[in-house]
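Single-letter residue listing:
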Amino acid sequence: MVPVTYYIALSAVLFTLGALGVLIRRNALIIFMSVELMLNAGNLAFVAFTRFYEVLNGQIFVFFVMTVAAAEVAVGLALIVAIFRTKHSIDVDQMSSLKG
Amino acid sequence: MESTGLYFNLVPWVVFFPVIGLLANLFITNRMSEKVIGWLASFASGAAFVIAVLLAYSLVQHPEGVVVPLAEWIHIGNLQLDWAFRVDTLSVTMMLVIGGVGTLIHIYAIGYMHEDVRFKNDHGRFRRFFVFMNLFIAMMMILVSGNSFLMLFVGWEGVGLCSFLLIGFWYDKDTLGRDSEANANAAKKAFVTNRIGDFGFLIAAFLMFWYFGSLNFDVIFEKAPELAATMPGVVIAITLFMLLGVTGKSAQLPLFVWLPDAMAGPTPVSALIHAATMVTAGVYLVARSAALYVTVPSAQFIVAIVGAATALLAATIAVGQYDLKKVLAYSTISQLGFMVAGVGMGAFVAGMFHLVTHAFFKALLFLSAGSVILGMERGHHHLAHGKHEQNGHGEEVFDPGDMRNMGNLRRRMPVTFWLYLIGALALAGIFPLAGFWSKDEILADAFKEYPLVYWMLTIAAFFTAFYMGRQIWMVFFGKERHEAAEHAVESPLIITAPLMVLAFLSIFGGALNLPKLHTLTLWLEHTIEFAHPGEFLYGVAGLSFGLALVAILLSWLLYQRQPLKAGQPDPLKRILGSIFTVFERKYWVDEIYWAVFVDRYIDLARFLAQTVDGKFWHDWFHDTVIARSFRSLTHFLANPIDLGFIDAMANGLAEVIKQSSASLRRVQNGFVRSYALSVLLGVILILGYLIFK
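I will try to describe carefully the structure that is included in this document. Just so you know, these numbers come straight off a predicted model, no measurement behind them.

Summing up its helical and strand segments, chain B has 27 helices and two strands in all. Computed over the C-alpha atoms, the radius of gyration of chain B is 37 Å, more than 25% above the 26 Å expected from 2.2 N^0.38 for a compact globule of 693 residues. Dimensions of chain B, computed from the C-alpha atoms along their principal axes, are close to 150 × 75 × 55 Å. Relative to its 693 residues, chain B shows a buried fraction of 51%.

Our focus in this paragraph is the packing of helix α11 (residues 281–288) of chain B against helix α14 (residues 324–344) of chain B. Residues and elements named next belong to chain B. Contact geometry for α11 and α14: axes closest at 9 Å, N-to-C directions at 5°. In terms of axis orientation, α11 runs roughly parallel to α14. Side by side, α11 and α14 meet where Gly-282, Val-283, Val-286 and Ala-287 of the first sit next to Leu-336, Met-339, Val-340, Val-343 and Gly-344 of the second. Class assignment of the residues belonging to the contact of α11 with α14 gives a composition of seven nonpolar, two polar and no charged.

Residue and element names in this part refer to chain B. Residue placement: Ile-495 occurs in helix α21 (residues 493–508). When the C-alpha positions of Ile-495 and Tyr-108 are compared, they lie 4.7 Å apart, and in sequence the two are 387 residues distant. Filtering out sequence-adjacent residues up to four positions away, Ile-495 remains in contact with Tyr-108, Gly-111, Tyr-112 and Ser-371.

Quick look at helix α8 (residues 232–249) of chain B now. Residues and elements named next belong to chain B. A rise of 1.5 Å per residue sets the reference length of α8, with its 18 residues, at 26 Å; its end C-alpha atoms lie 26 Å apart and thus fit the reference within 8%. Those residues of α8 lying buried are Val-235, Ile-238, Thr-239, Phe-241, Met-242, Leu-243, Leu-244, Gly-245, Val-246, Thr-247, Gly-248 and Lys-249. Among the residues trailing α8, Ala-251 stands out with phi positive, at a value near 55°.

On to the interface of chain A and chain B. Contact residues are listed per partner, giving 11 residues for chain A and 10 residues for chain B. Considered class by class, the residues forming the side of chain A that touches chain B number six nonpolar, three polar and two charged.

Residues and elements named next belong to chain B. Looking at chain direction, strand β1 (residues 66–76) and strand β2 (residues 79–87) are connected through nine bridges and run antiparallel. Its bridge partner lying in β2, Val-66 is registered against Val-87. Connecting β1 to the antiparallel partner β2 that follows it, the hairpin turn spans two residues, and Gly-77 within it adopts a positive phi of roughly 55°.

Judged by nonpolar contacts, the single largest core of 225 residues is most densely connected at Met-141, Ala-341, Ala-363, Leu-364 and Leu-457 of chain B. At 20 residues, the largest contribution of residues to this core is made by helix α15 (residues 348–390) of chain B. Not counting residues within four places of it along the chain, the set of residues in contact with Leu-457 of chain B comprises Ala-308, Ala-311, Phe-338, Ala-341, Ile-442, Leu-443 and Ala-446 of chain B. Listed in part, the 11 residues of the second largest apolar core include Ala-28, Phe-32, Phe-46 and Ala-48 of chain A.

Cut-offs and rules
- Residues numbered from 1 in each chain as written.
- Chains lettered and ligands numbered in written order.
- Predicted model: local features only at pLDDT ≥ 70, side-chain atom pairs only at ≥ 80, totals over all residues.
- Helix = DSSP H or I, 4+ residues; strand = E, 2+ residues; numbered from the N terminus.
- Rg over C-alpha atoms; globule rule 2.2 N^0.38 Å.
- Buried ≥ 20, exposed ≤ 12 C-beta atoms within 10 Å, placed from the backbone.
- Axes fitted to C-alpha atoms, helices over the stretch in contact; angles between N-to-C directions.
- Parallel < 35°, antiparallel > 145°, perpendicular 65-115°, else oblique.
- Contact = placed C-beta atoms within 7 Å.
- Nonpolar A, V, L, I, M, F, W, Y, C, P; charged D, E, K, R; others polar.
- Expected span 1.5 Å × (residues − 1).
- Pairing = 2+ DSSP bridges.
- Core = buried A, V, L, I, M, F, W, Y, C linked by C-beta atoms within 7 Å.

Quick look at the structure:
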């Protein structure tokens, strides 16, 4: 059986990748995907620990997370489409009108 | 009081009638004719005279007199002063003179002012004149009828006011009718000079109030001997301060200078106020205060000397004057000197006697002089009219009152001449006219106790006869020295009729107090207990009569034997030389007063205005001390306090906010990714804390 550490390590790597993606990339869609990656890294950590401790809490929580992610995608994609319609670009750095 | 059949209660009406007259003329008669106005005022004055006669009639039966209270006046603590009229022989004597002579002068003024306002082209002032005249009668009545020194003072100031108003009656002209401030200045001079005298009167009144606790005549006279015994200095101070008041009002040394200038007033005013009545108020005051004066003989002596010196000085000045009214003015001062000397010596009755006779003959002289001046004006008017048709321009300014323009007027104005002659002889002391008796009574009293005063007065009497002779010769005899004199016109009856009454009184006025009969003495004795019947000294009377005749003869030699021609200097000038100049220039008293007092006063005023007020108060105190210190205070408050502290605090706070917000706003760079990084770092920080705590 694969030890839980591995899962956790993978989860950490995925999360880091996601976080780096959010921080580094400028394309809104890529950022979006990176966010999904971070969420799923979290999910992976949940299920890994659930297996390890042999409880169901994590499994249930993952479902919530996936539901939230789905809702988030729906809202997020709609926002991106709206932004694209006005700016003809989805480069997040160009969306800096709220700069102080 | 058992008043049935007696008229004492009518006494307030001596004041009320003239007041009614003046109010009526003030408010009702402004559209009526001059006759209505003049006769209304004359009747008001005449009614007061009738009251005075009724009072005199009552006094014959009850000579002790009464006090008639009218109203409460001042009640403060122990001081109880009421508005009360004193009816006694002294006050009624004065009332008779004021009412009688005053009424005659009112009637005369109807005719005189009728012409005067026409010569001066201002008919509107006719009514004003009679309002002032009635006011004067009312005030003079208050003066003589008051029962306290304060009430006397009310009248005293009131007649001073009337005098001021009437001297300045033609306030926008000079005596020759030209536009000038000369008359207004004469009025001011009279008023200011009288203020000096009034200051003395007031101090005397304050002293009396302080030491007697009252201003009531009876109270003061009762306590006077007691105070004189314990504190004679106080009584001397009171009487001498009172004398200062007398010198102001009665034009004595050293305050006589206003009276000659007062001739700027219309002639009826000169006659009534500045000869017959107001100026005698000082004599009345001394006679009224007889009880005070007899307690201090040294003060009496000073009063007598002042009177005698004034009599002599003014008589010599009168010799050198050319103006008809100025001669009479100095003569009035001189005669007032006689009266003051008389009452000063304790010869109260003699002084009052001379006051009464003088009121008759000096009013007669002034009014006749007014008639002469009017006659000259008429002559001049006639000439100016004739000339006007020929060449269209009048000649140089004509002075109708200058005796050098007159001459031979007895031909053109015979009635006035005879009246004037009677007045002049009465004044000169010619037997048996009024002036002879009254003047000799004063001289006789002086002869016994005050030889110095006697000789001064005798010399003054000599000069009196001389200047009156000079005047008669210059005005009525000789040759006309001006065309106006050739065309002079006699005055109408309304002017000469009152003069005839006065002439009658001037002739027979001496009968009031003939030697051996002493009617006036017995009459006044009821009021002035120190009155004593004067002796008739044949030597004294003979000397003064002889001197008067010599003086008239001398004046005839100088002025009539070779009548003065136009432009010729006064013959006396050739004989006396520079001494005559001294008389002519009035001893330079006015100039000396200007140099010593008026200029110094102006210097002081200028010093106060420019240095004290201007430089010290305004420039230094206000500008430097107050304004500059206020400015430096505000400067301090504005700059270090407001700008440096309060504003700096507010601005500094704003600056801090501004700086910090400027640096903080860099955080809000608008890049979503940097926000994300912040979130990440924040999470790391929190997690790190949670893990490593």
